[in-house]
Amino acid sequence: MNKEPFIRISRRDDLPIWKAWLIRIAAVIISLILCGIIIYGLVKLNPLKVYITMWQGAFSTEKRCWITIRDCMMLLCIGVGLAPAFRMRFWNIGAEGQILVGGIATAACMLYFKSLPTPLLLLVMLIASVTAGALWGLVPALFKARWETNETLFTLMMNYIAIQLTSFFVSKWENPYGSNSVGIINRTSQEGWFPSIFGQQYLLNVIIVMALTIGMFVYLKYSKHGYEIAVTGESERTARYIGINVRRTIIRTMLLSGGICGLAGFVAVAGASHTISTSTAGGRGFTAIIVAWLAKFNTFVMILVALLLVVLEKGAAEIASIYSLSEYASQMIEGIILFFILGSEFFINYRLIFRSKAKEVQA
């Protein structure tokens, strides 16, 4: 008689939300303990002081708090943009490119329409960035809908085209010469900059992204289009059977996803850096994949995930500076914590079943 395997993996049908969060919290605690052991073993530092320093790197001053919030909103905006595509199981890996083309459109408006009143200029910039990102997302959607191409490779390759386009426009608009960035920063009149609200430079970033977050949650959960996205993601055959136009859904969803990622380029250029370069996206298009995936495409949960990732990034940079640690050592700490958080999703979705001694004796 064949023996039952010592360990079997079984998918969980439904785990209560509170248990899922307990698993995530336990994963974070275990990762912090492990990082503490590694920190002490490498540099003989008190891990608690290191963790306090990480927190201070993100929140020790009002300016740092707002920079952390600004970066969190940028990452959240991209995650919100990826949510509908990923919910449909359309693996949009092209957020980097969509951000860049949205940034290019924003920079062009700041350069060529700067005579417009600021409110009208911002509206033109917003429309241009969303349109550019949507069209960039439309190309792989059309190929997927018509010829069943691999959207992962297609969207990934389009990132490199966007990077080269950005390099071209940077060289065309470069000012001052040799800076490798576009001199659209006018510190006198600041055409196209987000205005300060209640004295806060980045408050408009928060308003725009939080409005998108709420809107996307309602769209995916309660709208007819959100239902069609969910059904298409579960099974295209089922979607066709109940009368959903799958091609139209794919195209419409990628227009939305690309448009929001393009809007992230608008937020990055007009609300943060006030310039455009090949580093405008800064890898956040890939980091946002973790945000969307960990949050299970729930845009409200994405707020917490995005904030966690930004705090880890700021904290890693701070401990590298304060304690003269290697950049790789600080990134290792960040990586260990992320590894445990990602790994906790396995135990949320699956359970390990060990062979009991009674069954072993019977075998």
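To keep things clear, this report deals only with the structure shown in the data block. (Residues numbered from 1 in each chain as written. Predicted model: local features only at pLDDT ≥ 70, side-chain atom pairs only at ≥ 80, totals over all residues. Heavy atoms only, no water.)

1. As for a nonpolar patch on the surface
Residues Phe6, Ile7, Ile9, Phe346, Phe347, Leu352 and Phe354 make up a contiguous nonpolar surface patch of about 660 Å² in total accessible area. When contributions to the nonpolar patch are tallied by element, the ones reaching two or more residues are β1 (7-11), α13 (327-349) and β2 (350-354). With respect to the helices and strands, Leu352 occurs in strand β2. (Patch = residues over 30% accessible without salt bridge, like charges linked within 9 Å, V, L, I, M, F, W, Y side chains within 5 Å. Areas by Shrake-Rupley, 256 points an atom, 1.4 Å probe, with all protein chains shown as cover. Salt bridge = Lys/Arg side-chain N within 4 Å of Asp/Glu carboxyl O. Helix = DSSP H or I, 4+ residues; strand = E, 2+ residues; numbered from the N terminus.)

2. Re the layout of surface pockets
Empty space among the atoms can be located by rolling a probe the size of a water molecule over them. Here the largest pocket is characterised by a volume of approximately 980 Å³. Around the largest pocket, the lining is made up of 28 residues, and of these Arg24, Ala295, Lys296, Phe297 and Asn349 lie nearest the centre. Considered class by class, the residues forming the lining of the largest pocket number 15 nonpolar, three polar and ten charged. Taken together, 21 residues line the second largest pocket, and the ones lying closest to its centre are Val28, Leu304, Leu307, Leu308 and Ile341. Looking at the lining of the second largest pocket, the elements with two or more residues in it are α1 (17-43), α2 (47-59), α12 (299-322) and α13. The greatest single-element share of the lining of the second largest pocket, amounting to eight residues, is contributed by α12. (1 Å grid on protein atoms, 1.4 Å probe; cavity = no way out; pocket = protein on both sides within 12 Å on 5 of 7 lines; lining within 4 Å. Points joined across faces, edges and corners; volume = space filled by probe spheres on them. Nonpolar A, V, L, I, M, F, W, Y, C, P; charged D, E, K, R; others polar.)

3. Let's talk about unusual backbone geometry
Positioned with a positive phi, Glu148 is a non-glycine residue whose angle comes to about 55°. Here Phe198, not a glycine, exhibits a phi torsion of approximately 55°, which is positive.

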